[in-house]
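Here is what each chain is made of, one letter per residue.
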Amino acid sequence: MTTIEIDIPTALDSTDLDAIRRLLPQLSRSSTFDEERLLAMLGHPGTDLLVARVDGEVAGMATLASFPLATGWRGHVDDVVVDDAHRGQGIARRLLEAIIQLAETRGLRTLDLTSRPSRRAAIALYESVGFVRRESTLMRYAEVQD
């Protein structure tokens, strides 16, 4: 029987790092692996890396960024990805449910995420766990850092 566990690691070993290195290109062609940045996430008070382990091995991940604003504590979900070999097992749903529970525990006022319109299956999953589409225009200032 396959065991799926979701945890928030405080450290990552070389096997975990290798698995995340393989996950990132499945998330986005432009994603680059940076071990220093990844390890910095683990110690950052506003960032939680959630990993899904199948029989102890990293098979998926998602990130929750939590931050205070004048209007309340907010959260943003990023980098939700499950390894191709493990898709269809409910892993992404488990990651999202864990993030939602963490956000509720922390009293976050809102929890947002964005997704490209072409990612229909992902959007259907997000809606099935309670995310609602909003009328909004996403703006990005791309020249902050090259």
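Residues numbered from 1 in each chain as written. Predicted model: local features only at pLDDT ≥ 70, side-chain atom pairs only at ≥ 80, totals over all residues. Heavy atoms only, no water.

### So, the overall build of the chain
Using the following cut-off: Every helix listed is a DSSP run of H or I at least four residues long, and every strand listed is a run of E at least two residues long, numbered separately from the N terminus. Just to be clear, the radius of gyration here is over C-alpha atoms, and the globule rule we use is 2.2 Å times residues to the power 0.38. Exposed residues in this analysis have more than 50% of their type's maximum accessible area, buried residues have under 20%, and partly exposed residues fall in between, with area computed by a 1.4 Å probe over protein chains only. Residue contacts are counted whenever heavy atoms from the two residues lie within 4.5 Å of one another. Areas reported as accessible are Shrake-Rupley estimates using a 1.4 Å probe. Residue values count occlusion only from the protein chains shown. Residues counted as positive are Lys and Arg, residues counted as negative are Asp and Glu, and His and the chain ends are not counted. Here the site of a charge means NZ on Lys, CZ on Arg, CG on Asp, or CD on Glu.
From N to C terminus, the chain includes four helices and five strands. Beginning at the N terminus, the succession of helices and strands in the chain can be written as β-α-α-β-β-β-α-β-α. The globule rule puts the C-alpha radius of gyration for 146 residues at 15 Å, and the 15 Å found for the chain is close to it. Projected onto its principal axes, the C-alpha coordinates of the chain cover approximately 45 × 35 × 30 Å. Counting every position in the chain, which comprises 146 residues, the buried fraction comes to 39%. Pairs at least 24 apart in sequence give 58% of the contacts found in the chain among residues at least 6 apart. For the chain, the exposed surface amounts to about 9700 Å²; the carbon and sulfur share of it is 49%. Charge separation in the chain, taken as the distance between the mean sites of 17 positive and 22 negative side-chain charges, equals 7 Å.

### Considering the side chain of D48
Looking at the secondary structure, you find D48 in strand β2 (residues 47-54). When neighbours within four sequence positions are excluded, D48 is seen to be in contact with I8, A62, T63, L64, L102 and R106.

### Here's the deal with the sheet that holds strand β4 (residues 72-82)
The cut-off we apply is this: Being paired, for any two strands, means DSSP has found at least two bridges between them. Each axis is a line fitted through C-alpha atoms, and for a helix only the stretch in contact is used; angles between axes span 0 to 180 degrees, taken between their N-to-C directions.
One open sheet accounts for five strands, arranged β1-β2-β3-β4-β5; its pairing is mixed. Whereas interior strands pair on both sides, the edge strands pair on one side only; in this sheet they are β1 (4-7) and β5 (110-113). With strand direction ignored, the average angle separating the axes of adjacent strands in the sheet is 20 degrees. Relative to strand β3 (residues 57-69), β2 runs antiparallel, the two being bridged by eight bridges.

### Here's the deal with unusual backbone geometry
Backbone geometry places D55, a non-glycine residue, at a positive phi of 50 degrees. Positionally, D55 belongs in the loop between β2 and β3. The backbone of D79 shows a phi angle near 55 degrees, a positive value even though the residue is not glycine. For D79, a relative accessible area of 34% gives the class partly exposed.

### Here we look at the environment of L64
As for its placement among the helices and strands, L64 is situated in strand β3. The class of L64 is buried, set by a relative accessible area of 0%. For the pair L64 and A124, spaced 60 residues apart in sequence, the C-alpha to C-alpha distance is 20 Å. With residues near it in sequence (within four places) discarded, L64 still touches G46, T47, D48, G75, H76, I99, L102, R106, L108 and L111.

### Observations concerning the nonpolar core
The condition that has to hold: Nonpolar cores were defined as sets of buried Ala, Val, Leu, Ile, Met, Phe, Trp, Tyr and Cys residues, with membership established by side-chain atoms within 4.5 Å.
Formed by 26 residues in total, the largest nonpolar core has its most connected members in V77, I91, L95, L96, I99, L111 and F131. When residues of this core are traced back to their parent elements, those giving at least two are β2, β3, β4, α3 (91-106) and α4 (120-128). Sequence-distant contacts of V77, that is, excluding residues within four places in its chain, are made with T63, L96, I99, L111, D112, L113 and F131. L12, I20, L24 and M41 belong to the second-largest nonpolar core, a separate cluster that totals 15 residues.

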